[in-house]
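An overview of the molecular structure
Spelled out, the chains give:
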Amino acid sequence: MLVHAYGAHAGDKPLEPLQIQRRAPGAHDVQIDIAYCGICHSDLHQVRAEWEGTQFPCVPGHEIVGRVAAVGNHVSSFKVGDLVGVGCLVDSCKHCADCDEGLENYCDGMIGTYNFPTPDAPGWTMGGYSEQIVVHERYVLRIRHPAQDLAAVAPLLCAGITTYSPLRHWHAGPGKKVGIVGIGGLGHMGIKLARAMGAHVVAFTTSESKRIDALSLGADEVVVSRNADEMAAHAKSFDLIVNTVAAPHRLDDFLVLLKRDGTMTLVGAPATPHPSPNVFNQIMKRRSIAGSMIGGIPETQEMLDFCAENGIIADIELIRADEINAAYERMLKGDIKYRFVIDNATLGR
Ligand code: NAP
Ligand code: ZN
């Protein structure tokens, strides 16, 4: 079936209306009418070919929420009308050690929601800037938030899980001092989640204008990272730092803020590498630099349920489809509090 979508024909071209083909639901598939889709900075990296291997036309979007429109014969856990979400992955091999442990995000056969190979036309996956998507039931998440929060739930599907997973893996909680670097889509969720887990949360921003806001998001303290004195006041004090910055920068500035055995987890994925950190900053206090990629399906469901129980949603600005290109420019300037979400009902107009 043909559906309305928004995508780009080349890395240096704006996104524009297009029509794409969706498969008829198979026995294990869930067909979803997409209500809203968040705009992740990864969408911009991919559609502008800042990362390698973009296939065009490219339809981004992996913060998808909507209602079930149809289910295949063998689908028992979802029914028509259910509120559901789809995040960054729509398939995986289903039999490796990673899949067996529910860490499908680390499966070598992981299929991302856009720009990954698929038997469906045109040969690569197309994301959530579209009216509908058809996904194997294993990769569909249940949404337990009230329906009126649906648009603000969309960003949980990537920004939420990408910060939740490292916070859980490195045991953010009471008695732990946790830093969140970069207050964008990911960072603002990281602040809310770390706070809800009971950690002492310090937000790092390059934007003086976010100093007050970060406190209202739930940070206990805010540091403007361009200010050396403010940074020095936190030397050797963090258990964990989650770094969401979408551009290369000096990691040493944050490494020296970790206490002995502390970890800085990189989740930001800039198109060009960070300058190499000074190895002595790791050796001297047995510090680690780590990485983390989104989360598996069971953990994504756990995160959604945790957010529903704790009343956590994203701070969003709802936009029409024809505002996507302008939204990308504003995201690059950091001019967003804190996630753009597309009203998918505007795609076909
Ligand atoms: P975003 O909304 O644009 O936020 C990034 C934030 O980084 C900015 O708001 C800004 O916060 C800070 N920043 C500081 N210097 C910057 C600079 N020169 N350029 C851009 N940002 C700068 O992006 P996002 O959607 O949160 O994504 C952040 C990064 O994570 C992207 O690289 C994205 O591709 C990546 N990502 C990774 C995963 C994963 O699985 N690891 C998943 C999703 C996204 P301040 O104003 O507070 O300084
Ligand atoms: Zn994302």
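Residues numbered from 1 in each chain as written. Chains lettered and ligands numbered in written order. Predicted model: local features only at pLDDT ≥ 70, side-chain atom pairs only at ≥ 80, totals over all residues. Heavy atoms only, no water.

**Regarding the coordination of the zinc ion (ligand 2)**
Rule in force here: For Na, K and Ca the donor cut-off is 3.2 Å; for every other metal, N, O and S atoms count as donors within 2.8 Å. Water does not enter the count, which can leave sites looking incomplete. Note on conventions: DSSP H or I runs of at least 4 residues are helices, E runs of at least 2 residues are strands, and numbering of each starts at the N terminus. For every residue, the accessible area (1.4 Å probe, protein chains only) is compared with the maximum for its type, and the residue is labelled buried under 20%, exposed over 50%, or partly exposed between those bounds.
Coordination sphere of the zinc ion (ligand 2), protein contribution only: Cys40 (SG), His62 (NE2) and Cys158 (SG), at 2.0 to 2.2 Å. For the zinc ion (ligand 2), all donor residues lie on one chain, and their spacing in sequence is C-x21-H-x95-C. Of the two residues, cysteine 40 sits in the loop between strand 3 (29-38) and helix 1 (41-47) while histidine 62 sits in the loop between helix 1 and strand 4 (64-71), which places them 22 residues apart along the sequence. As far as the burial class goes, cysteine 40 and histidine 62 line up, both buried.

**Side note on the site of ligand 1**
Threshold: Distances are taken per atom, and a residue is near a molecule or strand as soon as one of its heavy atoms is within 4 Å of it. Residues adjacent in sequence count toward polar contacts only when both atoms are side-chain atoms; beyond that, a polar contact is any pair of N or O atoms within 3.5 Å, and within protein one must be able to donate a hydrogen and the other to accept it. Only the protein chains shown count as cover for residues, with accessible areas throughout obtained via the Shrake-Rupley method and a probe of 1.4 Å. Basically, the charged four are Asp, Glu, Lys and Arg, the nonpolar ten are Ala, Val, Leu, Ile, Met, Phe, Trp, Tyr, Cys and Pro, and anything else, Gly included, counts as polar.
Neighbouring ligand 1 are 28 residues; His41, Thr205, Thr206, Ser207 and Arg339 lie closest to it. One of the side-chain nitrogen or oxygen atoms of lysine 210 is found 2.7 Å away from an oxygen atom of ligand 1. In the environment of ligand 1, a nitrogen atom lies 2.9 Å from a nitrogen or oxygen atom belonging to the backbone of valine 267. Calculation on ligand 1 without its partners gives an accessible area of 910 Å², and the protein chains cover 87% of this total. Among the elements of the structure, helix 1 and helix 5 (185-196) are those that each provide at least two residues to the shell around ligand 1. Of the residues forming the shell around ligand 1, the biggest block, 3 residues, is contributed by helix 1. A per-class count over the shell around ligand 1 returns 13 nonpolar, 13 polar and 2 charged.

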